[in-house]
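# Structural overview
Residues per chain are reported as follows:
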Amino acid sequence: RLQFNSKYRLPPEIPGWPIIGNTLDVPFPGGVWGHEMAKKYGEMFTCRLGGKTMVFLNSARVVSDLLEKRAAIYSSRPYRPMAQDIASGGARMLLMGHSDRWRSQRKIMHSILNGQQAESKFIPFEELEVRQLVWDYLHTPDQFYTANQRFSNSVIMSVIFGRRAQLGDEQLTKMLNIMMEFGQLLFSPTKNICDLFTWLTYLPKPIYQHEVDALSDRVSKGTAKPCFATALIEGTSKKEFNLTETEKLMIFSTLLEAGSDTSRTAITQMVAAAAAFPEWAATARAHLDELCGHNAERLPSFEDREKLPYIAAVVKETLRWRPFIQTGVPHQLTQDDVYEGYRFPAGTMFTWNAYALSLNEGDYPDAVRFNPERFLNDDLKSPLKGHWSFGTGRRVCVGYNVGFNNVWIAAACLLYCFDFEEDTENPIDTLNTIWDSVEKPPFAVKIKPRSQAHAELIKQK
Ligand code: HEM
């Protein structure tokens, strides 16, 4: 310990207990806690979680200096025997170290999600599913959160497995329940260190195998639609598709998991913001009315993007306002490093403290308020710039274009068609945002079509 102390120097440490350190101090979700700690300790602080050390990065400056500019050594992941080796056969890309295996999976995902034709593959599904989304909001407004879930999931299901998802889809419900549990395992700084959920063993594999079997059945009957899974299973198109069966299942599972709940939660947050801060929603609507008509002439579409910069700003502000991965996803340092008088040992974990970054008044004046106008600047067209909600460095979200577009089209159509009103008896707590439940409404909100004409427009589609 003495030798360790003399060789290394870490940012201020939060006092903890012997052996377990701060393991019991970090709540889940930890956004508000992380923000409070950042106010107390400054740009960086250190926690001891079990046998691991985690440095929380609380300012854009230090996140950029370390995770972006030194990404070559700050891009690994902590070893997670339970979540990775046991529950994922070692093949889950999100949890892989900075290795060749990670590079090859990331390349495959990048080609699906961001390649030249990627947008043209996703857009037809996004435009189809958003029609179902507004239909669901019109007919079952109290179930808006499950409609968001179905929309996000159906877009990615269509691209990967060539099938749509329905509300109450049994297979989908199983997947999403696992995602919820797995999400806690992944994104809770304490749970991911302890890696304690032994009951998760092997769970995701049979579920995805079931989906693959159903697809194979459709292929043999000649009813399968072209999709990424058939290309990957048949392995015909590219040599890098030469993967083990477990790796293939884990690619499907990763895309489904990483691609569904994220967009869903962002859309839910946008709804909360529209109800809690109606002024910006009125401005967004005025922009939409100019293009699509005051009297519900047509739904917005991706062709309107150039003319609707305000909606892009709405998406960025949604991601910035309350990042739902509240304390970031830890990156692991692969070699000793020196920074501004500190000496970090290899193996230290670093996380971008998402809530603290988003609520930093220096970067975002009146940060608790939802105000898209803060993003109407030269960086508007770069989905990653100006916020940290897609992560950063080499591990930055590989699905950011799809995620951004999902939220864009959902925001445009929902704001054009509906009024969102807070329930004055049950105001929305916009700071403690535990809004990811699929079992019950995340908050009280009144959702009504703007007019009969808007309701008719939705019914026509
Ligand atoms: C609003 C939507 C989304 C948000 C906010 C989001 C956020 C994130 C974050 C914070 C990370 C971790 C970054 C880091 O470690 O620094 C991540 C990683 C990832 N995301 Fe997303 N995501 C979204 C949508 C998607 C979509 C639609 C997909 C795919 C269909 C996707 C696939 C992935 C994958 C595969 C990774 C792992 C990257 C790696 O470890 O190298 N995400 N995402």
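These figures come from a predicted structure and were not determined experimentally.

Moving on, we come to unusual backbone geometry. Cis geometry marks the peptide bond from Phe 28 to Pro 29, where omega comes out at -5°. Its identity as a non-glycine residue notwithstanding, Glu 340 has a phi of 45°, on the positive side. Among the secondary structure elements, Glu 340 is positioned in the loop between β4 (337-339) and β5 (342-344). When its relative accessible area of 48% is taken as the criterion, Glu 340 is described as partly exposed.

Right, let's get into the site of the ligand. Around the ligand sit 30 residues in total, of which Arg 77, Trp 102, Arg 106, His 331 and Cys 397 are the nearest. Between the ligand and the protein, one listed contact pairs an oxygen atom with a side-chain N or O atom of His 331 at 2.7 Å. The side chain of Trp 352 places a nitrogen or oxygen atom 3.5 Å from an oxygen atom of the ligand. Broken down by secondary-structure element, the contributors of at least two residues to the shell around the ligand are α5 (100-114), α12 (245-276) and α16 (400-417). Residues that form the shell around the ligand fall into these classes: 17 nonpolar, 10 polar and 3 charged.

Moving on: the coordination of the iron atom of the ligand. Ideal donor angles around a metal are set by the shape: a four-donor tetrahedron calls for 109.5 degrees, a six-donor octahedron for 90 or 180 degrees. The sole protein-derived ligand of the iron atom of the ligand is Cys 397 (SG), positioned 2.3 Å away. The residue Cys 397 is located in the loop between α15 (354-358) and α16 in this model.

Grouped together as the largest cluster of nonpolar side chains are 98 residues, with contacts concentrated most on Tyr 137, Phe 161, Phe 252, Trp 280, Leu 415, Phe 418 and Phe 420. A per-element tally of this core places α12 first, with 14 residues. If sequence neighbours within four positions are ignored, Phe 252 has contacts with Ile 160, Phe 161, Tyr 208, Val 212, Phe 228, Ala 229, Leu 232 and Ile 233.

Another aspect to go through is the pairing of strand β6 (residues 349-352). A two-sided burial pattern is seen for β6, the buried positions comprising Met 349 and Thr 351 on one face and Phe 350 and Trp 352 on the other. Strand direction decides the pairing type here: strand β2 (residues 52-57) and β6, joined by 4 bridges, are parallel. If you follow Met 54 over to β6, its bridge partner there is Met 349. Examined bridge by bridge, strand β3 (residues 331-332) and β6 share 2 bridges and lie antiparallel to one another. Considered in β6, the bridge of Gln 332 is made with Met 349.

Bringing the sheet that holds β6 into the picture now. Here we have 4 strands laid out as an open sheet, ordered β1-β2-β6-β3, and mixed in their pairing. Two strands close off the open sheet at either side, each with one partner strand: β1 (44-49) and β3. The pairing of β1 with β2 spans 6 bridges and is antiparallel. The residue of β2 that forms the bridge with Thr 46 is Val 55. Sitting on the sheet, helix α2 (residues 31-41) touches β1 and β2, and the angle it makes with β1 is about 125°.

Conventions and cut-offs
Residues numbered from 1 in each chain as written. Predicted model: local features only at pLDDT ≥ 70, side-chain atom pairs only at ≥ 80, totals over all residues. Heavy atoms only, no water. Helix = DSSP H or I, 4+ residues; strand = E, 2+ residues; numbered from the N terminus. Buried < 20%, exposed > 50% of the residue type's maximum accessible area, 1.4 Å probe, protein only. Near = heavy atom within 4 Å. Polar contact = N/O pair within 3.5 Å; in protein donor to acceptor, adjacent residues only side chain to side chain. Nonpolar A, V, L, I, M, F, W, Y, C, P; charged D, E, K, R; others polar. Donors = N, O, S within 2.8 Å, 3.2 Å for Na, K, Ca; no water. Core = buried A, V, L, I, M, F, W, Y, C linked by side-chain atoms within 4.5 Å. Contact = heavy atoms within 4.5 Å. Pairing = 2+ DSSP bridges. Axes fitted to C-alpha atoms, helices over the stretch in contact; angles between N-to-C directions.

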